[in-house]
Every structure is written in structure tokens, then in C-alpha cells.
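Each chain, letter by letter, is given below.
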2 protein chains.
Amino acid sequence: MLINMMLAGCLRSVVHGEIFMADEHGPNSCVTCPRRQLTEWRNLETEHLELVNRHKHDRILKPGEILFNQGDESEGIYCVKDGLVGERRFDAEGHSILVRLNHPGTTVGYQELLSKTPFRNSAEVLQDSHICFINKSIVQQLIEGAPSVGQRFLRRSLKDAQDLEDSFVEVQTISVKARLLHVLMIFYERYGRLDPDVGHVFDIPVARQDLAALVGAAPETISRTTRQLQADGLVQFPGVRKAIIPDLDLVFDAIGADT
Amino acid sequence: MLINMMLAGCLRSVVHGEIFMADEHGPNSCVTCPRRQLTEWRNLETEHLELVNRHKHDRILKPGEILFNQGDESEGIYCVKDGLVGERRFDAEGHSILVRLNHPGTTVGYQELLSKTPFRNSAEVLQDSHICFINKSIVQQLIEGAPSVGQRFLRRSLKDAQDLEDSFVEVQTISVKARLLHVLMIFYERYGRLDPDVGHVFDIPVARQDLAALVGAAPETISRTTRQLQADGLVQFPGVRKAIIPDLDLVFDAIGADT
DNA sequence: GCATCATATTGATCAACATCAATGATAGGT
DNA sequence: ACCTATCATTGATGTTGATCAATATGATGC
């Protein structure tokens, strides 16, 4: 799966006519990284880009591996090149909730780096992932040298705040069923494809427990809710990490109607 | 009440030796505004400060009055000089929750101004308030002319995101009782004073319904919970907007212990 | 292919909170 | 000071989702 995604990434840069760059810089160069356009480094000039590229470290990580732990001091910033990274917050009783998911093209840990505060969440790899690390001294140089970086982080922070505000409102006002549907729709938008025979097919990239942590409910409640969704004909679950939505409109209606 | 707060504000600037400035600029000048140090305008040089001061509009507003409505386009930024402004989000059923409170020295509506998106919440005056309005064209000039302003807004946004993340986690993990205690502690920190006879006395600056909207619970649940807190000896409620905490440690323990 | 361990589901029960309906208290206007 | 409208409290009841315990399913190693 990871291999496929990486190949896809490589092919894309070739297709875009950057084959010489790709050769010159190697397949893992930030210069040719197809995800960079989605990050705060998108407007970097060559000079700064090369700086990042020289000093970055990149690793392939497996599900369960940790980028940083709640309480750690920030050492730098992480870029998700491929895969999926969850930010998890543990409470006093050892329960955890997934605060957000970080998809490819996202920088993780910028908030604590910029505010110089300890990590509030742990960052945990949820799927085979390709992660780049950029040390805080480099980020500091970028912020001082490239004004666009500060602006991008401001935009990013504004967006994160908006998303959190929505999540905050959602968790107080709507039911587990509607929230689960919402999470499934997010997965559908990212991983979905239309099979004309059965409907909109997509992967659920996390285990049931993490799906529960994402919705903010107990795993048992998620089981019961998925069963109900199947009974209602809204979503089929042919496997524990597969889902099919026969009719998107039914789902939209249900999210709106349900509490 | 408002009068008292405004007098207090005036006196403070006099006490701080700015009596000439205050005379020169009038009691409502941004130049001498004691709240400015808390806002994103704190590092402004005289030139920009005068610009703000010339173009700002200020008004005294009463509880229930609206600064802006959910869905409106942003026209500028609001500074809370005195009083209290709540940001309220309405859901489809007409229920509302208070997403955050804005105390004196806070700018309101910066997020939508900077991201050029419609207001996601309504801003509603909760106590007699003194509010200044700064048009977006002025804010634009400040951001372009004074680099500190952009930095301040970045810091502000990072902090708001952190607060929202905490609220998000809190609402999913802890009980109404603990959340209510937390909200009461916030009021205590801001409005509290120690009376040696009875304990820590403070005002609750909002009506019961809004206290409920702040905790994210039904007003009836707040009633029952306050009753329980009295029965447990944690908090006394001698009036609907007054509270007394006999022993802070008991409250801290209860917040920690309760779910 | 089987044993083992983790993960997922199901059932039964319980606690927390919402809702509805009724009553009691409070504040603002005349 | 009274009237009225709004706000707060209380009680009765219903719903949602958590928890505990048991079973089932699936994955991994040998």
C-alpha cells in the first residue's frame, strides 16, 4: 500500500516533466516533493529549499510508531509525505481521543514549535508512513529569511482553529451516529472511488478503536452504530476497514436530520 | 456597573501617570487605552497608533446587543475595552452554545477578517460593554506597515487553537460537574476576591442559560449541578450571579476526581 | 494448519444528561 | 408598588451512550 503510494508520488513528478530534477535531487528531495505544494514550504525559493533538503531527515514508519509524546519539548517539525499520522490526547484515566488526523502534505507539530510549549498531544503513525523531520533551528532560519513562511503558518493556524471550533461545536450538539457519518465522509472524500455496481467504496484507514477515538465514543458504541447504519442501508461494511456508501444523498440527509 | 468599570479604567490610567496623555487624547484614546497592552496593538508605534485612534469608532453596548451575526461578512475588528462579549454558535435546532468569552483587552473577529471568511459565530454583548471598532482597511494597513501585528495575530491564533483543543478534549472526557467547576474557576480568577469570613467570593457575569451554553449543557442540568455543588459544600450560590468557594483545594480535587 | 493473542462484536445493565411540564423567583416598565 | 414577561428551579420521564462481561473474529508466528 505504502509502496503504491510512493510509486504514485514518483510517477507524478515524472509526469510533470521534472524527471531531471528528480534524478538530480533523488526521489526524496524536498525540491521535487509533490506534497510540498500543500505545506507551508510551498513558496520557498531555491536557496531555502536546498537548506531544508540538506538538513531534513526522512524515515519510513509503521503503524504504532511515535513521532513525539505528549509532554515532550519540540525539537522541530514533521512533514507527512505519505501515510497517516494521528494526534492523540490521553486523559487522566488513560483513555485517549484522536484530536486530528494529518494526511500527506501536512506539517505536524508546528504549533508547539512556534509557541515554544511542550507537545499537548502524542503524534502516532496510523498507516505505513513516510515522514520527514526538520530541525527547529532550520525552521527558525526559514521564518526569519522567508516572510511567506510566517504568513503560511498564520493561515494554517487560523484554519486549525476553525476546524477545532467546528469539532468542538459538533461534539456538543450532534449524536454519535451523525459524527460517525461525518468521519466516514471525510474518509470517503480522501480514499473513495465510485464502483458503478455497488456504490461509493472506500477504505477506513484506522482500526475500530481509533475510529472510536476519532468520533469520541466507546468502541462498543461504534460497533452498534455501524450495525445500525447497515440496517438502515446508509453504509455497508464488507470488512473491518472497508465501507460502501450506496447513496451519498441518504448520508447527507441523515447527518442533517440526526440531532 | 459599567460606570464603575469605566471609572476604574480611567483612574488606572491616571494612577499610571498618564494624566497629560489622557487629557490630550481624551479618555477614549487608543494611545492611552489601558487595555491596549493586552491586544495585538501593544507594540504599535505612535504613527500607527494615531491611525487607529483617528479611525476607530467606539460605543457603549448593553447585554443582548450584537456585534456581528453568524454568516455576516467581516467588516473589521472589535476591541473589548470593558465588559464582556460572548461568541455564540447556533445549531440547526436553534440551540446555541457559547464558544468563548472575550474579556477586556481582547480583539474579537480577527479570525474571519484574516481568513476572509464569513463569521462562524455571532458576537453578543453579555455585560454592559465599551467596544471599539476598527475597519478592515485600517487593520490591513497595520498588518502591512507593522510587522509586529502579524506576529501578534499568529500568537493569538496559536493560543486560540490551543484553548479550543483543550475545550474539545474536555467536553469529550469530563463530566458536566467538572466542566462547570472549571468555568466557575475561570470566573473566580477574573472576578474573585477573598473575604476572610466566608471564602472566595466572585460574580458570575452571565445568566444561567449562558452558563449552560458555556458548559454545553441544558439549563436544568446546571440548576441541578449547582444544587449538588452546594450540597457537597464545594460552592455556595447566594444569588443567581454570585458564588462563594469556601475552599479552593476542595474544588481542585473535585475537578481532578470527577470523571 | 493450528495455537495464541489482539481486536471486534454482542448482550445486559447503569449512569448521565436531555426533555417536557409545572411552579417559583426576578427584573423592568408604567 | 404592581404587573407582566422572562428567567430559574424542580420533578418526572426518556434517551443516549458508557461500562462490564462474554463471545466471536481475525491476524501472526511456528
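See the structure above.
Here goes a summary of the coordinates provided.

What counts and how
Residues numbered from 1 in each chain as written. Chains lettered and ligands numbered in written order. Predicted model: local features only at pLDDT ≥ 70, side-chain atom pairs only at ≥ 80, totals over all residues. Heavy atoms only, no water. Helix = DSSP H or I, 4+ residues; strand = E, 2+ residues; numbered from the N terminus. Buried < 20%, exposed > 50% of the residue type's maximum accessible area, 1.4 Å probe, protein only. Contact = heavy atoms within 4.5 Å. Areas by Shrake-Rupley, 256 points an atom, 1.4 Å probe, with all protein chains shown as cover. Pairing = 2+ DSSP bridges. Axes fitted to C-alpha atoms, helices over the stretch in contact; angles between N-to-C directions. Phe/Tyr/Trp six-rings, centres within 6.5 Å; stacked < 30°, edge-to-face > 60°. Near = heavy atom within 4 Å. Polar contact = N/O pair within 3.5 Å; in protein donor to acceptor, adjacent residues only side chain to side chain. Nonpolar A, V, L, I, M, F, W, Y, C, P; charged D, E, K, R; others polar. Parallel < 35°, antiparallel > 145°, perpendicular 65-115°, else oblique. Left-handed = near helix turned anticlockwise from the far one by under 90°.

## Examining the overall build of chain A
Argument step 1. Looking only at helices and strands, chain A features 10 helices and 10 strands.
Argument step 2. Buried positions account for 53% of the 259 residues belonging to chain A.
Argument step 3. Within chain A, contacts between residues separated by at least 24 positions form 71% of all contacts whose residues are at least 6 apart in sequence.
Argument step 4. Element-wise, carbon and sulfur atoms account for 53% of the exposed surface of chain A, whose accessible area totals about 12200 Å².

## Quick look at the sheet that holds strand E7 (residues 193–195) of chain B
All names here are of chain B.
Argument step 1. Read from one edge of the open sheet, four strands run E7-E8-E10-E9, paired in antiparallel fashion. One side of each edge strand has no neighbouring strand; the edge strands of this open sheet are E7 and strand E9 (236–239). The sheet shows a mean angle of 35° between the axes of neighbouring strands, direction not considered.
Argument step 2. Of the strand pairs in this sheet, E9 and strand E10 (residues 242–245) are connected by two bridges, and their pairing is antiparallel. Bridge assignment links Gln236 to a residue of E10, and that residue is Ile244.

## A look at the environment of Val171(B)
Argument step 1. Mapped onto the elements, Val171(B) comes out in helix H6 (residues 147–173).
Argument step 2. Considered as a pair, Val171(B) and Val215(B) are 44 residues apart in the sequence and their alpha carbons are 8.3 Å apart.

## Description of the packing of aromatic side chains
All names here are of chain A.
Argument step 1. Within this structure, the stated rule accounts for 14 aromatic pairs over all chains.
Argument step 2. An angle of 15° between the planes, with centres 5.6 Å apart, marks the rings of Tyr110 and Phe153 as stacked. One end of the pair, Tyr110, is in helix H4 (residues 110–115); the other, Phe153, is in helix H6 (residues 147–173), and 43 residues separate them in sequence. Judged on exposure class, the residue Tyr110 and its partner Phe153 are both buried.
Argument step 3. Judged by centre distance (5.9 Å) and plane angle (65°), the ring pair of Tyr188 and Phe202 falls under edge-to-face. A residue pair is termed long-range when its members are at least 10 positions apart, and Tyr188 in helix H7 (residues 176–191) and Phe202 in strand E8 (residues 199–203) qualify at 14 residues.
Argument step 4. Feature note: the residues Phe68, Tyr78, Phe119 and Phe133 constitute an aromatic cluster, connected by ring pairs.

## A few points about the protein's contact with DNA strand D
Argument step 1. By nearness alone, 17 residues border DNA strand D, and Val176(A), Thr221(A), Arg224(A), Arg208(B) and Ser223(B) come closest of all.
Argument step 2. What you see for DNA strand D is that sugar and phosphate hold 69% of its atoms within 4 Å of the protein.
Argument step 3. The separation between a phosphate oxygen of DNA strand D and a polar side-chain atom of Arg227(B) is 3.1 Å.
Argument step 4. Going through the elements one at a time, helix H9 (219–231) of chain A together with helix H8 (208–215) and helix H9 (219–231) of chain B are the ones with two or more residues in the surface near DNA strand D.
Argument step 5. In terms of residue count, H9(B) provides more of the surface near DNA strand D than any other element does, four residues in total.
Argument step 6. Split into classes, the residues belonging to the surface near DNA strand D amount to five nonpolar, six polar and six charged.

## Quick look at the packing of H7(A) against helix H8 (residues 208–215) of chain A
Residues and elements named next belong to chain A.
Argument step 1. One way to put it is that H7 packs onto H8 with a least axis distance of 9 Å and a crossing angle of 115°. Judged by the inter-axis angle, H7 sits roughly perpendicular to H8. The two elements H7 and H8 meet at a crossing, and its hand is right-handed. Contacts between H7 and H8 involve Val176, Arg179, Leu180, Val183 and Phe187 on the former and, on the latter, Leu211, Leu214 and Val215.

These figures capture arrangement, not role.
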